[in-house]
Amino acid sequence: MYVCLCMGVCDREIREAMSEGACSVSQVMECTGAGTRCGSCRSTIAELVGERDGASTPRRLVIAPVSSAA
């Protein structure tokens, strides 16, 4: 199933990134590009990351905006 429509990333690609070592929402975003445009899929990415950790219920992850230093 597609998780990120903006970037065309499916759940299989996210799980693959996690199996290769991505263990947070930001790492999954960096590896796959998912969640980097509109951001509406970040909660689903967070659920998949929680699913990997064996959590019976999805964890609520706080996604802080990245500030750029000028």
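The structure under discussion appears in the preceding block.
Residues numbered from 1 in each chain as written. Predicted model: local features only at pLDDT ≥ 70, side-chain atom pairs only at ≥ 80, totals over all residues. Heavy atoms only, no water.

**Thoughts on the environment of T36**
Under the convention used in this document: Strands here mean DSSP runs of E at least two residues long; helices mean DSSP runs of H or I at least four residues long; both are numbered from the N terminus. Throughout, a contact is declared for two residues whenever any of their heavy atoms are within 4.5 Å. Whenever a nitrogen or oxygen atom comes within 3.5 Å of another N or O atom, the pair is scored as a polar contact, on the condition that within protein one atom can donate a hydrogen and the other can accept it, and that pairs from neighbouring residues in sequence are kept only if both atoms are in side chains.
As for its placement among the helices and strands, T36 is situated in the loop between α2 (25-32) and α3 (42-52). C-alpha separation for the pair T36 and C4, spaced 32 residues apart in sequence, amounts to 9.1 Å. Setting aside chain neighbours within four positions, we find T36 in contact with M7 and M29. Among the polar contacts listed, one links the side chain of T36 to the backbone oxygen of G33, at a separation of 2.6 Å.

**Details of the nonpolar core**
Stated precisely, the cut-off is as follows: Residues grouped as a nonpolar core are buried Ala, Val, Leu, Ile, Met, Phe, Trp, Tyr and Cys residues, joined through side-chain atoms within 4.5 Å. Think of it in three bands: residues with accessible area under 20% of the maximum for their type are buried, residues over 50% are exposed, and the middle band is partly exposed, with areas taken using a 1.4 Å probe on protein chains only.
I14, V28 and I45 are the most contacted members of the largest nonpolar core, which totals 16 residues. Secondary structure elements with two or more residues in this core: β1 (2-4), α1 (11-19), α2 and α3. When residues in this core are grouped by element, the largest group, 4 residues, is from α3. With residues near it in sequence (within four places) discarded, V28 still touches I14, M18, A22, G33, I45 and V49.

**Some points on the pattern of salt bridges**
To be explicit about the condition: In the sections that follow, a salt bridge refers to a side-chain nitrogen of Lys or Arg positioned within 4 Å of a carboxyl oxygen of Asp or Glu.
Applying the stated criterion across every chain, the model contains 1 salt bridge. Notably, a salt bridge pairs D11 with R15, separated by 2.7 Å at the nearest N-O pair. Pair noted here: D11 and R15 are both in helix α1, with a separation of 4 residues, about one helical turn. A relative accessible area of 34% places R15 in the partly exposed class.

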